[in-house]
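Listed below are the residues making up each chain.
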Amino acid sequence: MGKSSRDKRDVYYRFAKEGRFRARSAYKLMQIDEEFDLFTGISRVVDLCAAPGSWSQVVAQRLASEKDVTDRDVKIVAVDLQAMAPLQGVEQIQGDITKKETSEAIIEHLEGKFAHLVLCDGAPDVTGLPDFDEYIQAQLLLAAFNIATNVLSPGGTFLAKLFCGKDVMTLLSHLQRFFKQVIVAKPRTSRNSSIESFALCKTYCPLSQYMPNVNTTVLPVAGLSVPDHPPVPFKACGSEMGYDSDTNYPLQVCGNYEHRDWSGSG
Ligand SMILES: C[S@@+](CC[C@H](N)C(=O)[O-])C[C@H]1O[C@@H](n2cnc3c(N)ncnc32)[C@H](O)[C@@H]1O
């Protein structure tokens, strides 16, 4: 590890390893869920940019604990450019979410039914050039949004990683045209020093004349018009008494910490 690089094995990394999650990102989804109750009454979820699979693990666990959801109703479709180790109950597609074929494959996996929740934790390989990274991130969000418009049930929820850069209001106001409520959520697991947040879009209600199309067009974010739009609330998620992801904690914080390499499914 170079001198300047941050040690990513922070307290949430250690919790993830102890809890047998594939990545610390699991805690981001769990903290947003704690605040906004993402899973009650739902059974069909698409997890975009899912590798190595910790969000899919959380989704599978949460749906399994829902009283009114039978195994028969449950459908979890996970998509990533990279191959993922198998996960029980999760159907996987290896593909690029900006490509039409991937959207078509997702629709096929859903077997003519809608999804109730579309997630996207997609992140490009950051270059360190802020404008460029934000642009690529916005394209991923728009590609995920386009897939959501093809598969989401009316009233459904879309949650996607967002870089809070200079075009963020343009993106958010675009989302506000399609969802009744748009909130920017920042889980405690997401470092304060990072521009990462999550756009939580609730109650999908497209305009009646809107026709979803699998031909994902990469939209020029800067060219989208910014109509008058209501303010977008910002919500920090996760207990204030919880751990701070920018702080180094002693190993004992996790009890008798013992590093275990993750292997196999589950
Ligand atoms: C932060 S990781 C996701 C972590 C995941 N949510 C988890 O909990 O394990 C970001 C992922 O985005 C994927 N990704 C980036 N661009 C993509 C694209 N165009 N299509 C599909 N996946 C993409 C990367 O391959 C990477 O696995």
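Not measured: the values here are computed from a predicted model.

Peer 1: Would you mind going over the overall build of the protein with me for this structure?
Peer 2: Counting its regular elements, the protein contains six helices and eight strands. Along the protein, helices (α) and strands (β) appear in the sequence α-α-β-α-β-β-α-β-α-β-α-β-β-β when read from the amino end. Taking all 266 residues of the protein together, the buried fraction comes to 48%. A total of about 13,600 Å² of accessible surface is found on the protein, and carbon and sulfur atoms cover 52% of it.

Peer 1: How should I be thinking about the packing of aromatic side chains in this particular structure?
Peer 2: Both the distance between ring centres and the angle between the ring planes are used here to describe each pair of aromatic rings. Following the criterion strictly, the structure yields seven aromatic pairs and no others. Centroid distance Phe21 to Tyr27: 6.0 Å. Interplanar angle 80 degrees. Geometry classified as edge-to-face. Pair check on accessibility: Phe21 and Tyr27 agree, each one buried. The rings of Phe145, Phe158, Phe178, Phe179, Tyr204 and Tyr210 are connected pair by pair, giving a single aromatic cluster.

Peer 1: What's the story with the pairing of strand β6 (residues 179-187) in this structure? I'm lost.
Peer 2: When a strand is regular, its side chains alternate between the sheet's two faces. Taken across its nine residues, β6 has seven buried, putting it largely inside the fold. Note that β6 and strand β7 (residues 196-204) share six bridges and pair antiparallel. By the bridge assignment, Ala185 is partnered in β7 with Phe198. For β6 and strand β8 (residues 234-237), the ladder comprises four bridges, and the chain directions are parallel. What sits directly across from Ala185, in β8, is Lys235.

Peer 1: Looking at this structure, how should I read the UniProt feature "active site" (unreviewed entry) in the protein?
Peer 2: Look at the UniProt record and you will see "active site" (unreviewed entry) annotated at Lys161. Within the element layout of this structure, Lys161 appears in strand β5 (residues 152-163). Apart from residues lying up to four places away in sequence, Lys161 is in contact with Lys28, Cys120, Asp121, Gly122, Ala123, Gln137, Leu141, Glu196, Ser197 and Phe198. Side-chain polar atoms of Lys161 contact the side chain of Asp121, separated by 2.9 Å.

Peer 1: What am I meant to see in the nonpolar core here?
Peer 2: Note on soluble globular proteins: their nonpolar side chains tend to be buried together. Ranked by size, the top nonpolar core spans 38 residues in total, and within it Leu48, Ile97 and Phe158 carry the most contacts. Broken down by secondary-structure element, the contributors of at least two residues to this core are β1 (44-48), β2 (75-80), β4 (115-120), α5 (130-151), β5, α6 (168-176), β6 and β7. When residues in this core are grouped by element, the largest group, 10 residues, is from α5. Excluding its chain neighbours within four sequence positions, the residues that come into contact with Phe158 are Val118, Leu141, Ala144, Phe145, Ala148, Leu152, Leu175, Phe179, Ala199, Leu200 and Cys201. Core analysis: the second largest hydrophobic core is formed by 30 residues, Ile32, Phe39, Val45 and Leu63 among them.

Peer 1: Please clarify how the packing of helix α4 (residues 100-109) against α5 should be interpreted in this entry.
Peer 2: Packed helix pairs are characterised by how far apart their axes lie and by the angle those axes make with each other. Contact geometry for α4 and α5: axes closest at 10 Å, N-to-C directions at 35 degrees. For the pair α4 and α5, the sense of crossing is right-handed. Of the residues in α5, those in contact with Ser103, Ile106 and Ile107 of α4 are Ile147, Asn150 and Val151. Within the contact of α4 with α5, the residues separate by chemical class into four nonpolar, two polar and no charged.

Peer 1: Where do I start with the site of the ligand in this structure?
Peer 2: Inspection of the region around the ligand gives 18 residues, with Gly53, Ser54, Asp80, Asp96 and Asp121 positioned closest. Between the ligand and Leu81, the relevant distance is 3.3 Å, taken from a nitrogen atom to a main-chain nitrogen or oxygen of the residue. Residue Gln82 places a side-chain N or O atom 3.0 Å away from an oxygen atom belonging to the ligand. Relative to its unbound accessible surface of 610 Å², the ligand loses 87% to contact with the protein. Residue composition of the shell around the ligand, by class: nine nonpolar, six polar and three charged.

Peer 1: What's the story with the pattern of salt bridges in this structure? I'm lost.
Peer 2: When the charged atoms of two side chains with opposite charge come close together, those side chains can pair. This structure, assessed with the given rule, holds 11 salt bridges. One salt bridge in this structure joins Arg62 and Glu66, with 3.5 Å as the shortest N-O distance. Judged by its relative accessible area of 21%, Arg62 falls in the partly exposed class. Glu66 gets classed as buried once you look at its relative accessible area, which sits at 14%. Ionic contacts of the salt-bridge type, sharing partners, join the residues Lys28, Asp121, Lys161 and Glu196 into one network.

Rules used in this analysis
Residues numbered from 1 in each chain as written. Predicted model: local features only at pLDDT ≥ 70, side-chain atom pairs only at ≥ 80, totals over all residues. Heavy atoms only, no water. Helix = DSSP H or I, 4+ residues; strand = E, 2+ residues; numbered from the N terminus. Buried < 20%, exposed > 50% of the residue type's maximum accessible area, 1.4 Å probe, protein only. Areas by Shrake-Rupley, 256 points an atom, 1.4 Å probe, with all protein chains shown as cover. Phe/Tyr/Trp six-rings, centres within 6.5 Å; stacked < 30°, edge-to-face > 60°. Pairing = 2+ DSSP bridges. UniProt positions renumbered as here; feature names shortened; annotations may be inferred. Contact = heavy atoms within 4.5 Å. Polar contact = N/O pair within 3.5 Å; in protein donor to acceptor, adjacent residues only side chain to side chain. Core = buried A, V, L, I, M, F, W, Y, C linked by side-chain atoms within 4.5 Å. Axes fitted to C-alpha atoms, helices over the stretch in contact; angles between N-to-C directions. Left-handed = near helix turned anticlockwise from the far one by under 90°. Nonpolar A, V, L, I, M, F, W, Y, C, P; charged D, E, K, R; others polar. Near = heavy atom within 4 Å. Salt bridge = Lys/Arg side-chain N within 4 Å of Asp/Glu carboxyl O.

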